[in-house]
Structures are given as structure tokens and as C-alpha cells.
Amino acid sequence: MKLSSISITFFLVLLHGSSVHLVNSQQTDSCGSNLKLDVPFDTTSLHCLPVWSRNDFILRYVQTSSNVWSFVLSAPDTNAFIAMGFSSSGMMVGSSAMVGWISADGSGKVKQYFLGGQRPNLVLPDQGNLTVVSNYRSITSRSSRLYMAFQLNTTQPLSRLIYSVGQIAVIPSSPGYALAQHRDQVSTTLNYVTGSSASKSPHSRLRKSHGALNMLSWGILMIIGAMIARYCKQWDPIWFYSHAAIQSCAFVLGISGIICGLVLENRLKADVSTHKGLGIFILVLGCLQVMAAFARPNKESKMRKFWNWYHYSGGRILVVFSMANVFYGIHLGEKGSGWKAGYGVVIVFLILFSFILEVKMWRRK
């Protein structure tokens, strides 16, 4: 009986200890919490608001003096870095970010990074447009949450803020402190006066118009028009008028999409030189194809075979570069794998359908 009582008591102690550990590990922060952090500035008068509900990010801030702003970013401790970027356009590229993490030895580190591009070698540590107050940055882990604190020398911080969280167990380390690709991110706007924040994609309607028009025109309709020209010639002259109509529609929509892209580039001030260069190259090829259609020689002409070679080759090059630029545009727009997968499914279907038609055409020959 005594042994049994001791066993039960020991079990209850273990259960109680496990329960306490579970509660502590699931503690969350809120704007009603009493924030007691060992940071080098006063935290009693901070404004507080949830800024990213999906990952439970909470931001506290206050204008400490005429040219000093204090920030405390709170997020769950998932053994990953957390970041807060300040952007003039709402895009990650071109922004400066404060990034913090807890190393394997338990020490915390906060660094500024300049996000010069999407390649790792363009994300530069200890660089950026933020003037960070010296010795006024820290990160601590408490009750399974990270608290990253820093101060900026500025009369007015940028209102377009970007939050991100890194891959689990992928922490920057010396000597280079290279920053790995984040696992999630969100772009928001913050009204420092009212304390209101909202997720926002800058010029979202223009971005969607640019992407949808170019994907539909250069990336889909042009391919369908080319397939009609190659596989439907037995239905003459219906194939010709169908081919001309589809390609003309794709060309008009494509020009509209490129105009949207040029306007978007001007408004975002984004560095998309490669995407823009490919788009202009595709537009030039499209214009050459249109001009070639008006200069098409008669079937009896000796120049017809050279014209056919030029028209077919130009069309194939246009289609290949168009598909590549659509995928690259989705990547630049940070739309994630869903958009790439959706467009990829369409392309795979068109390729498989073309393969079937190609086999039938060779059998007929």
C-alpha cells in the first residue's frame, strides 16, 4: 500500500510538472500583457497591436523623441529568425529589415539586412537604409516567445512594413551571417498615429491585371494559336482565320499587359530589369510576327518557304520566352507555388495535347 501511494504521488507530481510545462510552452503574448523586458529603453508607453495573426506577430512601438522611434516585435519562438522590414514600395526587394534570432548557444543577435534582390548573395548583412541607435537592439526568448527590440533614428518611419519568419532550425551564423529564404511573409501598412495595421499588396489591382493579361495572352493564347496553325491545316481556310484571330487577340491583350507592367514598375520603383528586358524582347518578336503576316507572299512565290521558316521560328522562340517570363514574373510577384503550379498544369496539358496531335499528324503523313 505504501509503495502504491508513493507511486501515485510520484505520478501526480510528474503529471503536474508536465501540465505546468505545457501551459508555459503555450503561453501567448497579447496587448493586455504586462511587458517586462530587459531592454535599453522604456516600454511602459508603447502602442500595441497584432500585425500578423497567421503567425501571431505583435508589434509595440512609440515615438520616444522627435527623431527616435522604439519598436518591440513579439512572435512565437520556433527556433527560426523573425524579421521586420521597412519598405518604400511594399516589396521585399529594396527594403531594409531588422532580423533577430536566438543562436544554438542561447545568445541573441539582431542585425540589419539590406534586401537587394531575391538571391541569397543580394541579401546583405549590416547594410541598409535604417539608422539604428547604437546599443539599442536586443532579442530575448521568454515563455516560448521572441521579443526583438530596437530603436531607429528617424523623424517618421516608413509605413509599409514587411514581416517574415525563417525556416525552422535554419539560423544565420558567423562569419557571413547569410540569411536563408523565409518560410512565410506578409506585407502590411501601419498608421503610426491611429495604430491601425492592415495587410496590403501595393497596387494589387494593377499587379493582378499585369499578371493575368500577360499569362493569358503571351503564355496561353499564343500557344493555342500556334497549335492551330500546325495541326489544323486540313480545315482550310478555317484554321487560318482562327489562327489570325487568336494571335491578334493575344497580341492586343499582351500589349495591354506590358503597359500595365511599365506603369507598375514606375509606381513601385522596383528593380525588375531582367523581367522587363524579356518582356520587351517578346513584344518585339510579336511586332515582327504581325508585320510578317502583312508581308506574307503567295504560295507560288519562291520566297514563301523562307517566309514560312522565319514565321515558324520566330513564333517558337516567342512561345518559349513567353512561358519562361510568365514563370519568372510569378516568382518576382512572390505569389508562391500555387500560381506556378496552376500555370504549370496548363502548360503540361498543352504540351501533352500537342504531342498527341503531333503523333497523329506524322501518322497521316
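If you check an unreviewed UniProt entry, the protein chain appears there as Cytochrome b561 and DOMON domain-containing protein from Hibiscus sabdariffa. Per its UniProt entry, the protein chain bears the Subcellular location (unreviewed entry) comment "Membrane".

*Asks:* Account for the pattern of salt bridges, naming residues and giving values.
*Replies:* As enumerated under the stated definition, the model contains six salt bridges in all. Here Arg 54 ties to Asp 184 by a salt bridge, and the two come within 2.9 Å at their closest N and O atoms. With Arg 54 in the loop between strand 1 (47-52) and strand 2 (57-65) and Asp 184 in strand 11 (residues 182-191), this pair connects stretches of sequence that are 130 residues apart. One salt bridge connects Glu 265 with Lys 276, and the closest N-O pair in it is separated by 3.3 Å. Highlighted residues: Glu 265 in helix 3 (residues 238-268) and Lys 276 in helix 4 (residues 273-294), separated in sequence by 11 residues. When its relative accessible area of 23% is taken as the criterion, Glu 265 is described as partly exposed.

*Asks:* Describe the environment of Ile 102, with residues and values.
*Replies:* Mapping Ile 102 onto the fold places it in strand 5 (residues 96-102). A residue is classified by how much of its surface remains accessible, and Ile 102, at 17% relative accessible area, is buried. Measuring from C-alpha to C-alpha, the distance between Ile 102 and Pro 172 comes to 9.6 Å, with 70 residues separating the pair along the chain. Not counting chain neighbours up to four residues away, the residues in contact with Ile 102 comprise Ser 107, Gly 108, Ile 139, Thr 140, Ser 141, Leu 146 and Ile 171.

*Asks:* Report on the packing of helix 2 (residues 204-231) against helix 5 (residues 304-332), specifying residues and quantitative values.
*Replies:* Orientation of helix 2 relative to helix 5, taken along the N-to-C sense of each, is 155 degrees, at an axis distance of 9 Å. In terms of their interaxial angle, helix 2 and helix 5 are classed as roughly antiparallel. As helix 2 runs across helix 5, the sense of the crossing is left-handed. Contacts between helix 2 and helix 5 involve Asn 214, Met 215, Trp 218, Gly 219, Met 222, Ile 223 and Arg 230 from the former and Arg 316, Leu 318, Val 319, Ser 322, Met 323, Val 326 and Ile 330 from the latter. Class assignment for the residues of the contact of helix 2 with helix 5 results in nine nonpolar, three polar and two charged.

*Asks:* Account for unusual backbone geometry, naming residues and giving values.
*Replies:* Between Ser 174 and Pro 175 the backbone carries a cis peptide bond, its omega angle lying at 5 degrees. Summarising the element assignment, Pro 175 is placed in the loop between strand 10 (160-166) and strand 11. For the bond from Asp 236 to Pro 237, the omega torsion is 5 degrees, close enough to zero to count as cis. Residue placement: Pro 237 occurs in the loop between helix 2 and helix 3. One non-glycine residue, Tyr 177, lies in positive phi territory at about 55 degrees. Summarising the element assignment, Tyr 177 is placed in the loop between strand 10 and strand 11.

*Asks:* Account for the packing of aromatic side chains, with residues named and values stated.
*Replies:* Following the criterion strictly, the structure yields 15 aromatic pairs and no others. Where Phe 71 meets Phe 86, the ring centres are 5.6 Å apart and the plane angle is 75 degrees; that geometry is what we call edge-to-face. Within this pair, whereas Phe 71 is found in strand 3 (residues 68-76), its partner Phe 86 is found in strand 4 (residues 82-87), the two being separated by 15 residues in sequence. Seen in terms of ring centroids, Trp 101 and Tyr 177 are 6.1 Å apart; in terms of plane orientation they differ by 40 degrees. Their pairing is tilted. With Trp 101 in strand 5 and Tyr 177 in the loop between strand 10 and strand 11, the pair connects residues that are 76 residues apart, well separated along the chain. Taken together, the ring pairs connect Trp 52, Phe 57 and Tyr 163 into an aromatic cluster. The residue whose ring lies beneath Lys 111 is Tyr 177, and the NZ or CZ to ring-centre distance is 4.7 Å. The ring of Trp 239 is capped by Lys 233, whose NZ or CZ atom sits 5.4 Å from the centre of that ring.

*Asks:* Before we move on, can you summarise the nonpolar core with the specific residues and values?
*Replies:* By size, the foremost hydrophobic cluster in this structure holds 30 residues, and its most contacted members are Phe 57, Leu 59, Phe 71, Met 84, Phe 86, Met 148 and Tyr 163. Discounting chain neighbours no more than four positions away, the residues touching Phe 71 are Phe 41, Leu 59, Arg 60, Tyr 61, Met 84, Phe 86, Met 148, Ala 149, Phe 150, Leu 152, Pro 157 and Tyr 192. Counting 13 residues, the second largest nonpolar core, distinct from the first, contains Val 319, Val 326, Ile 347 and Met 361.

*Asks:* Describe in detail the confidence of the model for the protein chain, supporting the description with residues and values.
*Replies:* Of all residues in the protein chain, 90% have pLDDT values of 70 or greater, and the mean over the chain is 86. Counted against residues more than four places away or in other chains, residues 1-26, with its pLDDT under 50, gives three contacts.

What counts, and at which threshold
Residues numbered from 1 in each chain as written. Predicted model: local features only at pLDDT ≥ 70, side-chain atom pairs only at ≥ 80, totals over all residues. Heavy atoms only, no water. UniProt positions renumbered as here; feature names shortened; annotations may be inferred. Salt bridge = Lys/Arg side-chain N within 4 Å of Asp/Glu carboxyl O. Helix = DSSP H or I, 4+ residues; strand = E, 2+ residues; numbered from the N terminus. Buried < 20%, exposed > 50% of the residue type's maximum accessible area, 1.4 Å probe, protein only. Contact = heavy atoms within 4.5 Å. Axes fitted to C-alpha atoms, helices over the stretch in contact; angles between N-to-C directions. Parallel < 35°, antiparallel > 145°, perpendicular 65-115°, else oblique. Left-handed = near helix turned anticlockwise from the far one by under 90°. Nonpolar A, V, L, I, M, F, W, Y, C, P; charged D, E, K, R; others polar. Phe/Tyr/Trp six-rings, centres within 6.5 Å; stacked < 30°, edge-to-face > 60°. Lys NZ or Arg CZ within 6 Å of the ring centre and 35° of its normal. Core = buried A, V, L, I, M, F, W, Y, C linked by side-chain atoms within 4.5 Å. pLDDT = per-residue confidence, 0-100.

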